[in-house]
Amino acid sequence: MAATTGTLQSAADEFRKGEFTVSTDPALIELDVVHWFLTECYWAKDIPREVVARSIENSLCFGVYAQGKQVGFARVISDYATYAYIGDVFVLESFRSQGLGKWLMECIMQHPRLQGLRRWSLITRDAHGLYAQLGFEPLKNPQNYMELHRPDVYQQTGQ
């Protein structure tokens, strides 16, 4: 994390590493890029654009940028006091294997508004190794966890 530096800029945080920037500035988010990626991925297949836009509006979002173009994204849903859920984490395929996913997660974990939280959570099918490096582990008491999961909701109603 030594290569990460933070600069507060008018309610948006920015972190730089070489040619890359992570920013929480919502004005920089390229909705078309985020929507395109999410509509093709396993966890949000066919998600409507307006649902992506609404999810971004109601989350603390982190964009990864190279030369002003969006190459990665993640969002955090939080009460900023006790809990944070991390979702929609991705780095475009042509920018993978450069440590950007781990760096993005480090930026999220050290964000000033997300300090002192009692619990963080996320769901992944294929990135356990990445998240384990940051302290995430399988549920200690899965019997306590409950969910209402509707994986076909986007196909059913055109949300």
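Note that the structure is predicted; figures quoted are calculated from it, not measured. (Residues numbered from 1 in each chain as written. Predicted model: local features only at pLDDT ≥ 70, side-chain atom pairs only at ≥ 80, totals over all residues. Heavy atoms only, no water.)

Draft legend 1. Just the overall build of the protein chain, in detail. Secondary structure assignment for the protein chain yields five helices and seven strands. The secondary structure elements of the protein chain, listed N-terminal to C-terminal, are β-β-β-α-α-β-β-β-α-β-α-α. In terms of overall dimensions, the protein chain is globule-like: its C-alpha atoms have a radius of gyration of 16 Å, near the 15 Å expected for 159 residues. When the backbone C-alpha atoms are referred to their principal axes, the protein chain occupies close to 40 × 35 × 30 Å. Residue pairs at least 24 apart in sequence account for 55% of intrachain contacts in the protein chain once pairs closer than 6 positions are excluded. As presented, the protein chain carries roughly 9,700 Å² of accessible surface, and 51% of it is formed by carbon and sulfur atoms. (Helix = DSSP H or I, 4+ residues; strand = E, 2+ residues; numbered from the N terminus. Rg over C-alpha atoms; globule rule 2.2 N^0.38 Å. Contact = heavy atoms within 4.5 Å. Areas by Shrake-Rupley, 256 points an atom, 1.4 Å probe, with all protein chains shown as cover.)

Draft legend 2. Seen up close, the nonpolar core. Core analysis: the biggest nonpolar cluster contains 44 residues, and Leu38 and Ile108 have the highest contact counts within it. Of all the secondary-structure elements, those providing two or more residues to this core are β3 (20–23), α1 (31–40), α2 (49–57), β4 (60–66), β5 (69–78), β6 (83–91) and α3 (100–109). Residues within four places of Leu38 in sequence aside, it is in contact with Trp43, Ala44, Lys45, Ile47, Val52, Asp88 and Phe90. (Core = buried A, V, L, I, M, F, W, Y, C linked by side-chain atoms within 4.5 Å. Buried < 20%, exposed > 50% of the residue type's maximum accessible area, 1.4 Å probe, protein only.)

Draft legend 3. Spotlight on the side chain of His111. Here His111 is to be found in the loop between α3 and β7 (119–122). Residue classification places His111 among the buried positions, given a relative accessible area of 2%. Only 3.1 Å separates the side chain of His111 from the backbone nitrogen of Arg113, close enough to count as a polar contact. (Polar contact = N/O pair within 3.5 Å; in protein donor to acceptor, adjacent residues only side chain to side chain.)

Draft legend 4. Spatial organisation of unusual backbone geometry. Even without being a glycine, Gln67 presents a positive backbone phi close to 50°. A positive phi angle, near 65°, is found at Ser97, a position not held by glycine. In this structure, Ser97 sits in the loop between β6 and α3.

Draft legend 5. Molecular detail of the pattern of salt bridges. Per the counting criterion, the structure on display carries five salt bridges. Measuring nitrogen to oxygen at the nearest pair gives 2.5 Å for the salt bridge that ties Arg16 to Glu14. Since its relative accessible area comes to 47%, Arg16 is described here as partly exposed. Across the salt bridge formed by Lys45 and Glu40, the nearest N and O atoms sit 3.7 Å from each other. Assessed through its relative accessible area of 39%, Lys45 is described here as partly exposed. (Salt bridge = Lys/Arg side-chain N within 4 Å of Asp/Glu carboxyl O.)

Draft legend 6. Structural context of a nonpolar patch on the surface. A contiguous nonpolar patch, built from Ile123, Leu139 and Tyr145 and spanning about 330 Å² of accessible area, is present on the exposed surface. A relative accessible area of 52% means that Leu139 is categorised as exposed. (Patch = residues over 30% accessible without salt bridge, like charges linked within 9 Å, V, L, I, M, F, W, Y side chains within 5 Å.)

Draft legend 7. Local environment of the pairing of β4. In terms of burial, β4 is a largely internal element, seven of the seven residues being buried. Neither face of β4 is left uncovered, since the one carrying Leu60, Phe62, Val64 and Ala66 and the one carrying Cys61, Gly63 and Tyr65 both have all their residues buried. As defined by bridge partners, β3 adjoins β4 across four bridges and the pair is classed as antiparallel. Bridged to Ser23 within β4 is Gly63. Pairing between β4 and β5: seven bridges, direction antiparallel. Among the inter-strand pairings, Ala66 is bridged to a residue of β5, identified as Lys69. (Pairing = 2+ DSSP bridges.)

Draft legend 8. Quick peek at the state of the cysteines. As enumerated under the stated definition, the model contains zero disulfides in all. Between Cys41, a free cysteine, and Cys61, which holds the nearest cysteine sulfur, the sulfur-to-sulfur gap is 15 Å. Considering cysteine sulfurs only, Cys61 is the nearest to Cys107, which forms no disulfide, with 14 Å between them. Note on Cys107: relative accessible area 0%, which makes it buried. (Disulfide = S-S within 2.5 Å.)

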